[in-house]
Number of protein chains: 2
Amino acid sequence: MKRNVVTTLAFPVLVTAAVAGVAWGEEPLASWNEGGAKKAIVDFVARVTTKGSPDFVPVAERIAVFDNDGTLWAEQPMYFQFLFALDRVKALAPAHPEWKDQEPFASLLKGDVKAALAGGERAVGALLLSTHAGMTSEEFEKIAGDWMATARHPTTGRPLTEMVYQPMLELLAYLRANGFETFIVSGGGIEFMRPWTERVYGVPPERVVGSSIKTKFERRDGKPVLVRLPEIDFVDDGPGKPVGIQSHIGRRPIAAFGNSDGDLQMLQWTAAGPGPRFCLYVHHTDGGREWAYDRTSSIGRLDKGLDEARARGWTVVDMKADWKRIFAFEKE
Amino acid sequence: MKRNVVTTLAFPVLVTAAVAGVAWGEEPLASWNEGGAKKAIVDFVARVTTKGSPDFVPVAERIAVFDNDGTLWAEQPMYFQFLFALDRVKALAPAHPEWKDQEPFASLLKGDVKAALAGGERAVGALLLSTHAGMTSEEFEKIAGDWMATARHPTTGRPLTEMVYQPMLELLAYLRANGFETFIVSGGGIEFMRPWTERVYGVPPERVVGSSIKTKFERRDGKPVLVRLPEIDFVDDGPGKPVGIQSHIGRRPIAAFGNSDGDLQMLQWTAAGPGPRFCLYVHHTDGGREWAYDRTSSIGRLDKGLDEARARGWTVVDMKADWKRIFAFEKE
């Protein structure tokens, strides 16, 4: 997704529902229609995994990176991490009587999200930092985890962890079954994602790259803790994504998956390496089963990226045409 | 090792020699004398890997972190990365005629390292940033790699990659054979280490945590590159180590290995988690085969850490007594 610098800042949540969603023995990529994007994926994997092929890539170098919001799970009507921040403001309000007269908190507590956000990046920054900093890393993990265990999507009513794309779960599993290491590289908060990415996506904490605030090692009650500070450390979005990849992974991926202009530099960086490369955009074309948006959306805008994908022959998933099923709950 | 903020800043090198040094089928920990430290290690591994034991730890949580300088390879008579910086100043001098009249470069180019370092942290910072920044990440990898391929230790004359501790190579292999993921968490430069840690230690780039300078994504000649900027990003030393661990790994280790006060917070952070924990200090006690130093050394000072290790019953390796062999080349 494409975010502003400040909206990007956000962080952890534990999840109970939605396990990785792919049973062994099932046909790989079962929720993908034949041809098109599916064929491109299967052909690429065959090329890099066939021993003796000039395009063979050793297992250690099979690095695949995935954006999260809009690529692995939904991002409408707003980033799920922002829902977390809104709920946290309500939970923290009793301890902050001054918020009654302070924007963006005052409007928010009256239920007027639109007025609260009228303050733009500054308002969003205040919301995120006031809800994501001040506690220890362990406390935040628990706060976010408890929240995610009950959080539901505002329009579908589903647990947020069921708002993941079934075809992408299958793709993650397919790549791992073919020797790939799958990483998440998201503009979302690294500590917001880590508590549930293993359960939901099969991606462990050490393979999650994201935005962060600064933390500080100190002693509290004689115990060493990491305290979360109200200061931006790193924004893992747009040109930040290749920087985050180099910092955390230290190798250039051979495959990259995104859905917005905020992923474009990650795809460019991936494409610019030698040997076989695979870049894919998820295009939100299904207003019935999911949401339809691209060039003019304020969330997940896909404009320059779509042009570049077409010009360079990258794979573009047409969600409506390429995916038999978007969410696992559709089969119910 | 314990470093100043500025000395910490340093970075990549490719290596040809010294493969991981442990043949399959060999007795594990063959270079360790029986009893003492070896027994403590073996007992801990047995406790956390025995199914049904109350101390059993699932594979995914078997995270072990290792300092590098002074823990996995030597750090005397100076950090090896600093040798790299000195050599780079010489290599870059023709393109910097102004260095002839500029400290610390002028003294260094006359061969007077001591005078060059009289400027303290500021001088060291100038040396490191002038040699580690300005190029792309790929260019730096090649520069450092080419250097490491021929660099030799100033007193032993050995390739630097042979200055690794054979017992620690065996320990890394032993832990991995028991389901651990082994990470390096070093005050040294992350990009200085990554090109050779896999070959030398069996630790791939994505499991290396270290100090860093900022990088910036941009286009050069139409190609996307990451440019290394002369600005400190993160100092992975002392209280920075738990921060680096949380950022890169996202889980608390259950075992930590260091050799100096700069590793103390990493050991404290590791020890403070629930369940079985293992903390080990390598104590440099062998002035004959290696170097003997601890409480008063400017490099790798081990003072507070030694007291805390003894008070808390952490394992302290007495290099002279516990290790049959320090370097692989001793057997020749």
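Structure's up top.
The following paragraphs examine the structure supplied in this document. (Residues numbered from 1 in each chain as written. Chains lettered and ligands numbered in written order. Predicted model: local features only at pLDDT ≥ 70, side-chain atom pairs only at ≥ 80, totals over all residues. Heavy atoms only, no water.)

**Points about the overall build of chain A**
Now for step 1: The helix and strand inventory of chain A stands at 12 helices and eight strands.
Now for step 2: A globule of 332 residues ought to have a C-alpha radius of gyration of about 20 Å, and chain A, at 20 Å, matches this closely.
Now for step 3: Along the first, second and third principal axes, the C-alpha atoms of chain A reach 65 × 45 × 35 Å.
Now for step 4: Out of the 332 residues in chain A, the part that is buried amounts to 57%. (Helix = DSSP H or I, 4+ residues; strand = E, 2+ residues; numbered from the N terminus. Rg over C-alpha atoms; globule rule 2.2 N^0.38 Å. Buried < 20%, exposed > 50% of the residue type's maximum accessible area, 1.4 Å probe, protein only.)

**Points about the interface of chain A and chain B**
Note on interface size: it is often stated as the accessible area lost on association of the parts.
Now for step 1: Contacts between the two partners involve 33 residues from chain A, matched on the other side by 33 residues from chain B.
Now for step 2: Roughly 2,800 Å² of surface becomes buried between chain A and chain B when both sides are summed, with 51% attributable to carbon and sulfur atoms.
Now for step 3: A salt bridge links A:Glu206 to B:Arg251; the nearest nitrogen and oxygen atoms lie 3.1 Å apart.
Now for step 4: Connecting chain A to chain B are 15 residue pairs in polar contact (both at pLDDT 80 or more).
Now for step 5: Taken together, the elements giving at least two residues each to the side of chain A that touches chain B come down to helix H6 (137-148), strand S2 (181-189), helix H8 (190-201), strand S3 (208-220), strand S4 (223-234), helix H9 (240-248) and helix H10 (264-271) of chain A. (Contact = heavy atoms within 4.5 Å. Buried area = accessible area lost by both parts, 1.4 Å probe. Salt bridge = Lys/Arg side-chain N within 4 Å of Asp/Glu carboxyl O. Polar contact = N/O pair within 3.5 Å; in protein donor to acceptor, adjacent residues only side chain to side chain.)

**Here we look at unusual backbone geometry**
Now for step 1: The omega angle of the peptide bond from A:Glu103 to A:Pro104 is 5 degrees, so this bond is cis rather than trans.
Now for step 2: Cis geometry marks the peptide bond from B:Gln76 to B:Pro77; its omega dihedral reads -5 degrees.
Now for step 3: By the secondary structure assignment, B:Pro77 is in the loop between strand S1 (63-66) and helix H2 (80-92).
Now for step 4: Even without being glycine, B:Leu29 reaches a positive phi, approximately 55 degrees.
Now for step 5: Secondary-structure assignment places B:Leu29 in the segment before helix H1 (36-49).
Now for step 6: You will see that B:Asp221, though not glycine, has its phi angle at about 50 degrees, which is positive.
Now for step 7: Within the fold, B:Asp221 resides in the loop between strand S3 (208-220) and strand S4 (223-234).
Now for step 8: Judged by relative accessible area, B:Asp221 falls into the exposed class, the value being 84%.

**Things to note about the sheet that holds strand S6 (residues 278-283) of chain B**
Residues and elements named next belong to chain B.
Now for step 1: With mixed pairing, seven strands are arranged side by side in an open sheet as S4-S3-S2-S1-S5-S6-S7. Of all strands in the sheet, those bounded by a partner on one side alone are S4 and strand S7 (315-318). Between one strand and the next, the sheet's axes are offset by a mean angle of 30 degrees, whatever the strand orientation.
Now for step 2: Across three bridges, the pairing between S1 and strand S5 (residues 255-258) is parallel. The partner of valine 65 across the bridge, within S5, is alanine 256. (Pairing = 2+ DSSP bridges. Axes fitted to C-alpha atoms, helices over the stretch in contact; angles between N-to-C directions.)

**Thoughts on the relation of the copies chain A and chain B**
Now for step 1: Least-squares fitting of chain A to chain B yields an RMSD of 0.0 Å, with the superposition described by an axial translation of 0.0 Å and a rotation of 180 degrees. Read as a symmetry element, the transformation amounts to a two-fold axis. Across chain A, the smallest distance between a C-alpha and the rotation axis is recorded for A:His248, namely 3.1 Å.
Now for step 2: Here 100% of the interface residues in chain A have copies in chain B that are interface residues too; the copies meet face to matching face. (Least-squares fit on C-alpha atoms with pLDDT ≥ 70 in both.)

**Here's the deal with the packing of aromatic side chains**
Residue and element names in this part refer to chain A.
Now for step 1: Counted under the stated rule, the structure contains 30 aromatic pairs over all chains.
Now for step 2: Centroid distance phenylalanine 84 to phenylalanine 140: 5.8 Å. Interplanar angle 80 degrees. Geometry classified as edge-to-face. In this pair, phenylalanine 84 is assigned in helix H2 (residues 80-92) and phenylalanine 140 in helix H6, connecting sequence segments 56 residues apart. As far as the burial class goes, phenylalanine 84 and phenylalanine 140 line up, both buried. (Phe/Tyr/Trp six-rings, centres within 6.5 Å; stacked < 30°, edge-to-face > 60°.)

**Focus: empty space enclosed by the protein**
Now for step 1: All chains considered together, the criterion is met by five cavities of 30 Å³ or more.
Now for step 2: Space inside the largest cavity adds up to approximately 60 Å³.
Now for step 3: Lining the largest cavity are A:Glu181, A:Phe183, A:Glu206, A:Arg207, B:Glu181, B:Phe183, B:Glu206, B:Arg207 and B:His248.
Now for step 4: Among the elements of the structure, S2 of chain A together with strand S2 (181-189) of chain B are those that each provide at least two residues to the lining of the largest cavity.
Now for step 5: Residue composition of the lining of the largest cavity, by class: two nonpolar, one polar and six charged. (1 Å grid on protein atoms, 1.4 Å probe; cavity = no way out; pocket = protein on both sides within 12 Å on 5 of 7 lines; lining within 4 Å. Points joined across faces, edges and corners; volume = space filled by probe spheres on them. Nonpolar A, V, L, I, M, F, W, Y, C, P; charged D, E, K, R; others polar.)

**Quick look at the environment of A:Pro239**
Now for step 1: Take A:Pro239: it is sitting in the loop between S4 and H9.
Now for step 2: A relative accessible area of 40% places A:Pro239 in the partly exposed class.
Now for step 3: Between the C-alpha atoms of A:Pro239 and A:Leu72, which are 167 residues apart in sequence, the distance is 20 Å.
Now for step 4: Not counting residues within four places of it along the chain, the set of residues in contact with A:Pro239 comprises A:Gln265 and B:Phe217.

**Comments concerning the layout of surface pockets**
Now for step 1: Of the voids in this model, the largest pocket is the one considered here, and its volume is about 1,100 Å³.
Now for step 2: Taken together, 47 residues line the largest pocket, and the ones lying closest to its centre are A:Asp233, A:Phe234, B:Ser212, B:Asp233 and B:Phe234.
Now for step 3: Those elements that place two or more of their residues in the lining of the largest pocket are H8, S3, S4 and H9 of chain A together with helix H8 (190-201), S3, S4 and helix H9 (240-248) of chain B.
Now for step 4: It is S3(A) that provides the largest number of residues to the lining of the largest pocket, a total of eight residues.
Now for step 5: Grouping the constituent residues of the lining of the largest pocket by class yields 17 nonpolar, 18 polar and 12 charged.

**What about the packing of H2(A) against helix H5 (residues 120-132) of chain A?**
Residues and elements named next belong to chain A.
Now for step 1: Where H2 contacts H5, the two axes come as close as 9 Å, and the packing angle between them is 65 degrees. Classified by the angle between their axes, H2 and H5 sit roughly perpendicular to one another. Between H2 and H5 lies a crossing whose hand is left-handed. Counting all contacts with H2, which are made through Gln81, Phe82, Phe84, Ala85, Leu86, Arg88, Val89 and Leu92, the residues of H5 involved are Val124, Leu127, Leu128, Ser130, Thr131 and His132.
Now for step 2: Across the contact of H2 with H5, the residue classes break down as nine nonpolar, four polar and one charged. (Parallel < 35°, antiparallel > 145°, perpendicular 65-115°, else oblique. Left-handed = near helix turned anticlockwise from the far one by under 90°.)

**Re H9(A)**
Spacing of three or four residues puts side chains on the same side of an α-helix, whose turn is 3.6 residues.
Residue and element names in this part refer to chain A.
Now for step 1: Within H9, eight of the nine residues are buried, which leaves it mostly tucked inside the rest of the structure.
Now for step 2: For H9, the set of buried residues is Gly240, Lys241, Pro242, Val243, Gly244, Ile245, Gln246 and His248.
Now for step 3: Two residues or fewer past H9, glycine 250 is found with a positive phi of approximately 75 degrees.

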